[in-house]
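Each chain, written out:
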Amino acid sequence: MLDSSSIRVLMLGDVIGHPGMRALFSSLKILKKEYKSDFVIVNAENAADGYGLLPHQVDELFNYGVDAITSGNHIWQKEELYPFLDREDKLLRPSNYPKGVPGHGDCILESKGVKLAVLNLQGRVRMSVNCECPFVNGLKDIKRLKSLAKCIVVDFHAEDVTEKEALACYFDGKVSAVVGTHTHIQTADEKILANGTAYISDIGMTGPINGVIGSEPEAAIKRVFTSIPYKTQVLDEDAVINGVVIEIDTSNGHALSIERVTYKTGL
Ligand SMILES: [Fe+2]
Ligand SMILES: [Fe+2]
């Protein structure tokens, strides 16, 4: 139950191309009402045809009612976005990219007089990226953010569930939630850890589900058979919206509940 001492945060998984954007456009208002969400955070690293995010899509997402945009390894694929990463406070790339790259990895949102910090981190296991340690750097971020907001949610963009669970346990009690993104497959392991941090290995995607993580299967199958990284195309079908809604006790920043969201748009 929502009450005056709690907030509800809707976090949605990676938006995949036009099907994902269409799904958000048609359904986000309904979802916000259904889940009584005070904040909406969406990972949009695949919104531009599966590869990156375009500046006009940033505006569209905010106009749909998204409060903050998180991302991951694909955020670098549209160079025209780079100035926006510096300019838009609520557009995040993982915080632990090397110093000097465009953008920033956290922001502060406010609703009902409550501040919520959003932190975006990226994993290093099986990710082929040269990021700083998400454990060490993330902890520094959290210490800084704690002075600004009691409630903190983390989008941990990572492949490996061992790394994801380890990070959640390392941050348990220090943040309200650690949710995984990047695999595009929603997992069924949502839980609240011993010290009050909500966790799920992956919240899934906002995209078409009858292909291979949102794409037409042909190229994905050819990749397996040939080891050639053929370019994949987003599957043109209705999208499913995957995510979680987390209720947080604003008196201490601990999670009260975490519930999976799977919403079929049926466009
Ligand atoms: Fe993704
Ligand atoms: Fe990713």
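This structure is a prediction, so every number in the text was calculated from the model and none was measured. (Residues numbered from 1 in each chain as written. Chains lettered and ligands numbered in written order. Predicted model: local features only at pLDDT ≥ 70, side-chain atom pairs only at ≥ 80, totals over all residues.)

## Here we look at the overall build of the protein
So the rule is basically this: Helix and strand labels come from DSSP, where a helix needs a run of H or I of at least four residues and a strand needs a run of E of at least two; each type is numbered from the N terminus. To get the radius of gyration, use the C-alpha atoms; to get the globule rule, take the number of residues to the power 0.38 and multiply by 2.2 Å. Neighbour density around each residue's C-beta defines its exposure: 20 or more other C-beta atoms within 10 Å make it buried, 12 or fewer make it exposed, and counts between make it partly exposed, where C-beta atoms are placed from the backbone. We call two residues in contact if the C-beta atoms placed from their backbones are at most 7 Å apart.
Secondary structure summary: the protein contains 6 helices and 13 strands in total. In terms of C-alpha radius of gyration, the protein reaches 17 Å, essentially the compact-globule figure of 18 Å for 267 residues. Overall size of the protein, expressed as C-alpha extent along the three principal axes, is 50 × 40 × 35 Å. The buried share of the protein, taken over its 267 residues, is 50%. Contacts in the protein between residues far apart in sequence, at least 24 positions, make up 67% of those at least 6 positions apart.

## Digging into the sheet that holds strand 7 (residues 151-157)
What counts here: Pairing between two strands is assigned when DSSP locates at least 2 bridges connecting them. The axes are straight lines fitted to the C-alpha atoms, using for helices just the contacting stretch, and the angles between their N-to-C directions are given from 0 to 180°.
Within the open sheet, the 6 strands sit side by side as 5-6-7-8-10-9. Their pairing is mixed. With one partner strand each, in any of the chains shown, strand 5 (106-111) and strand 9 (191-192) form the two edges of the open sheet. Against the sheet, helix 4 (residues 134-146) makes contact with strand 5, strand 6 (114-122) and strand 7, and its axis sits at roughly 165° relative to strand 6, the strand it touches most. In the packing of helix 5 (residues 161-171) onto the sheet, the strands contacted are strand 7, strand 8 (177-181) and strand 10 (198-200), and the crossing angle to strand 8 comes to about 165°.

## Examining the packing of helix 1 (residues 17-34) against helix 2 (residues 55-64)
What counts, and what does not: Oblique is the label for any angle not covered by the other classes, which are roughly parallel (under 35 degrees), roughly antiparallel (over 145) and roughly perpendicular (65 to 115). Rotating anticlockwise by less than a right angle from the far helix to the near helix defines a left-handed crossing, while the corresponding clockwise rotation defines a right-handed one. Residue polarity is assigned by list, with Asp, Glu, Lys and Arg as charged and Ala, Val, Leu, Ile, Met, Phe, Trp, Tyr, Cys and Pro as nonpolar; anything else, Gly included, falls into the polar class.
Where helix 1 meets helix 2, the axes come as close as 9 Å, and the angle between the chain directions of the two elements is 20°. Considering the angle they form, helix 1 stands roughly parallel to helix 2. Here helix 1 and helix 2 pass one another in a crossing that is left-handed. On the side of helix 1, the interface is formed by M21, L24, F25 and L28, while helix 2 contributes Q57, E60 and Y64. Looking at the contact of helix 1 with helix 2, its residues break down into 5 nonpolar, 1 polar and 1 charged.

## Thoughts on the pairing of strand 8
Quick reminder of the rule: Convention used here: a crossover is right-handed provided that the path from the first strand, over the helix, to the second strand proceeds clockwise when the strands point away from the viewer.
The element strand 8 is extensively covered by neighbouring structure, given that 5 of its 5 residues are classed as buried. Residues A177, V179 and T181 of strand 8 are buried on one face, and the alternating residues V178 and G180, pointing to the opposite face, are buried as well. Summarising the sheet, strand 7 and strand 8 pair through 5 bridges and their orientation is parallel. Among the inter-strand pairings, V153 is bridged to a residue of strand 8, identified as A177. Between strand 7 and its parallel partner strand 8, the chain crosses via helix 5, and the hand of that crossover is right-handed.

## Digging into the nonpolar core
The criterion, for reference: Only buried residues count toward a nonpolar core: Ala, Val, Leu, Ile, Met, Phe, Trp, Tyr and Cys, linked into one set through C-beta atoms within 7 Å.
Counting residues in hydrophobic clusters, the biggest one holds 72 residues, and the most contacted among them are V9, V153 and I246. The dominant element in this core, judged by the number of residues it contributes, is strand 12 (residues 240-249), at 6 residues. Once residues within four sequence positions are removed from consideration, V9 is found in contact with S37, D38, F39, I41, L116, V153, V245, I246 and I248.

Distances and angles like these do not, on their own, reveal function.
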